[in-house]
Amino acid sequence: MNEPDWEALRAFHLVAEAGSFTKAAERLGCAVSTVMRRIDGLEQTLGQITRQARQFHHFRDRQTVRISATETAINDILIPEISKLRPKFPKLLMEFESSNALASLEFGETDIAVRLAKPHQLELVTRKLTPIRMAVFVSAAQLAERDLADVHLREEPVVWIDSGLGDIAENRLIDQLGIGENMALRATSVRALALACVHGEGLALLPAYMGRDLGLIEVPHISVPNREVWLVSHPETKRDPVLRSVRQWIVKCFETIA
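Not measured: the values here are computed from a predicted model.

Helix and strand content of the chain: 11 helices and 10 strands. Taken over 258 residues, the chain has a buried fraction of 49%. Taking all contacts inside the chain whose residues are at least 6 apart in sequence as the whole, residues at least 24 apart take part in 74%. As presented, the chain carries roughly 13100 Å² of accessible surface, and 49% of it is formed by carbon and sulfur atoms.

It is worth spelling out the sheet that holds strand S9 (residues 217–218) at this point. Adjacent strands of a sheet form backbone hydrogen bonds with each other and so pair up, either parallel or antiparallel. One open sheet holds the 5 strands; their spatial order is S7-S6-S8-S5-S9, and the pairing between them is mixed. At either margin of the open sheet sits one strand with a lone partner, and together these are strand S7 (183–187) and S9. By the bridge criterion, 2 bridges tie strand S6 (residues 158–161) to strand S8 (residues 203–207) in an arrangement that is parallel. Looking at S8, one finds that Val 159 is bridged to Ala 204.

This part takes up the sheet that holds strand S3 (residues 112–115). Strand order in this open sheet of 5 strands is S2-S1-S3-S10-S4, and the pairing throughout is mixed. Looking at strand neighbours, the two that pair on one side only are strand S2 (93–98) and strand S4 (125–128), the edges of this open sheet. Adjacent strand axes in the sheet meet at a mean angle of 20 degrees, parallel and antiparallel pairs treated alike. With 4 bridges connecting them, S4 and strand S10 (residues 230–233) associate as antiparallel partners.

Quick look at the pattern of salt bridges now. Going through the model one piece at a time under the given rule, you end up with 7 salt bridges. The salt bridge involving Arg 191 is made with Asp 76; its shortest N-O contact spans 3.0 Å. Placement of the pair is Arg 191 in helix H9 (residues 190–198) and Asp 76 in helix H5 (residues 71–78), with a sequence separation of 115 residues. Arg 191 sits in the partly exposed class, given a relative accessible area of 31%. The salt bridge involving Lys 128 is made with Glu 228; its shortest N-O contact spans 3.1 Å. Placement of Lys 128 in strand S4 and of Glu 228 in the loop between S9 and S10 is noted, with a sequence separation of 100 residues between them. With a relative accessible area of 43%, Lys 128 lands in the partly exposed category.

To continue, consider the confidence of the model for the chain. Counting all residues, the mean pLDDT for the chain is 83, and 84% of those residues have values of 70 or more. Of the regions scoring below 50 in pLDDT, residues 49–60 engages in 23 contacts with residues more than four places distant in sequence or in other chains.

With that out of the way, let us pick up the packing of H5 against helix H11 (residues 241–255). Between H5 and H11, whose axes approach to 10 Å, the crossing angle comes to 80 degrees. Classified by the interaxial angle, the pair formed by H5 and H11 is roughly perpendicular. Where H5 approaches H11, its residues Ala 73, Ile 77 and Leu 78 are matched on the opposing element by Trp 249, Ile 250, Cys 253 and Phe 254.

Grouped together as the largest cluster of nonpolar side chains are 59 residues, with contacts concentrated most on Ile 67, Trp 160, Val 246, Trp 249, Ile 250 and Phe 254. If one sorts the elements of this core by residue count, H11 sits on top with 8 residues. Here Trp 249 is in contact with Ile 67, Leu 78, Glu 81, Ile 82, Lys 84, Leu 85, Met 94 and Phe 96, once residues within four sequence places are set aside. In terms of nonpolar packing, the next biggest core, distinct from the first, is built from 12 residues, Val 15, Ala 24, Leu 28 and Met 36 among them.

On to the environment of Cys 197. With respect to the element layout, Cys 197 can be found in helix H9. Sequence separation between Cys 197 and Leu 214 is 17 residues, and the spatial gap between their C-alpha atoms is 9.7 Å. When neighbours within four sequence positions are excluded, Cys 197 is seen to be in contact with Phe 137, Val 138, Ser 139, Val 159, Gly 202, Ala 204 and Leu 216.

Once that is clear, we can look at the side chain of Glu 81. Secondary-structure assignment places Glu 81 in the loop between H5 and S2. Residues in contact with Glu 81, not counting those within four places in the same chain, are Trp 249, Cys 253 and Thr 256.

Moving on: the pairing of S10. Here S10 shows no split at all, with Trp 230 and Val 232 on one side and Leu 231 and Ser 233 on the other all buried. The pairing of S3 with S10 spans 4 bridges and is classified as antiparallel. Bridge pairing in S10 places Ile 112 opposite Ser 233.

Next up on the list: helix H1 (residues 6–18). Across its 13 residues, H1 extends 18 Å between first and last C-alpha, which sits within 8% of the 18 Å expected from 1.5 Å per residue. Taken residue by residue, H1 has Ala 8, Ala 11, Phe 12, Leu 14 and Val 15 as its buried positions. For H1, the buried positions fall inside an angular range of 165 degrees around the axis, keeping them on one side.

How each quantity is defined
Residues numbered from 1 in each chain as written. Predicted model: local features only at pLDDT ≥ 70, side-chain atom pairs only at ≥ 80, totals over all residues. Heavy atoms only, no water. Helix = DSSP H or I, 4+ residues; strand = E, 2+ residues; numbered from the N terminus. Buried < 20%, exposed > 50% of the residue type's maximum accessible area, 1.4 Å probe, protein only. Contact = heavy atoms within 4.5 Å. Areas by Shrake-Rupley, 256 points an atom, 1.4 Å probe, with all protein chains shown as cover. Pairing = 2+ DSSP bridges. Axes fitted to C-alpha atoms, helices over the stretch in contact; angles between N-to-C directions. Salt bridge = Lys/Arg side-chain N within 4 Å of Asp/Glu carboxyl O. pLDDT = per-residue confidence, 0-100. Parallel < 35°, antiparallel > 145°, perpendicular 65-115°, else oblique. Core = buried A, V, L, I, M, F, W, Y, C linked by side-chain atoms within 4.5 Å. Expected span 1.5 Å × (residues − 1). Arc of directions from axis to C-beta.

Printed below as a string of C-alpha cells:
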C-alpha cells in the first residue's frame with residue numbers, strides 16, 4: 001500500500017475536528033474543492049476510510065464560493081445579477097478573481113471558473129454558456145465625416161486584446177483578418193480597449209452590449225464570430241447544492257446578454 005499523503009490526513013483531521021469542509025479549508029488556506037480532493041485521494045490510497053468522511057459532503061454550512069472569470073465577465077455580467085442569488089444564500093461570501101488562467105482551478109484555489117476557451121483537461125467538467133455577440137466598433141471622432149461603409153479593418157488603426165490571454169478567438173482573428181500591422185494599442189482589459197476606441201485610438205472588437213453602452217458606432221459590414229464562453233468546475237463538486245445553484249445562476253447571467 002502506498003504511503004498516505006500527510007497533507008490529506010491533515011485535511012481529514014481538520015474536517016473531522018471542525019465538522020465541515022468550509023471551516024477546514026479556511027484553516028488550511030485553500031478552497032473547499034482542494035480539501036475534498038485530498039480526502040478523495042486518501043480514500044483511494046487507504047481503501048478503508050470510514051463513512052464519516054462522506055457525511056461532510058452535505059455542505060450545509062458552506063459560506064464561501066470563489067469564482068474566477070475575466071474582468072469583463074465579473075463587472076458586466078455577474079455583478080449586476082448578484083442580487084438574484086443573494087436571497088437564496090444571504091450569508092454566502094462571494095469571492096471574485098479576475099483571471100483567464102486555468103492554473104488556479106487546477107490547483108484548487110478556485111471553485112468555479114468562467115473561461116474564453118474550452119479547457120483540454122479531461123478531469124474538469126465544462127459547460128458551454130450562451131455566447132457573447134461581438135462586433136467591431138468605431139468612435140464618431142475616428143469616423144469623422146466618412147461614410148461607415150468606407151471603414152475597413154486593414155485600413156484603420158485598431159486596438160486589440162493582448163496576446164497574453166492565449167489561444168482565444170480574438171487572437172486567432174489577427175492573422176485571419178490580416179491586421180497585425182495595424183495595431184495601435186493592446187491590453188488585457190476589454191474595458192480599456194473600449195475606452196481607447198472612445199478616444200479615437202482605433203477600431204475595437206468588443207462585446208456588442210459594451211460598444212452600444214459607450215455610444216460607439218458598430219461597423220455592420222465587418223462580420224466577426226461570437227465569443228464562446230465556458231463554465232468550468234471540478235467533478236467532485238457536482239453534488240454540492242450551493243455550487244450547483246451558483247453554476248445555474250451563472251448560466252442565467254449569460255442568458256441575459258444574449
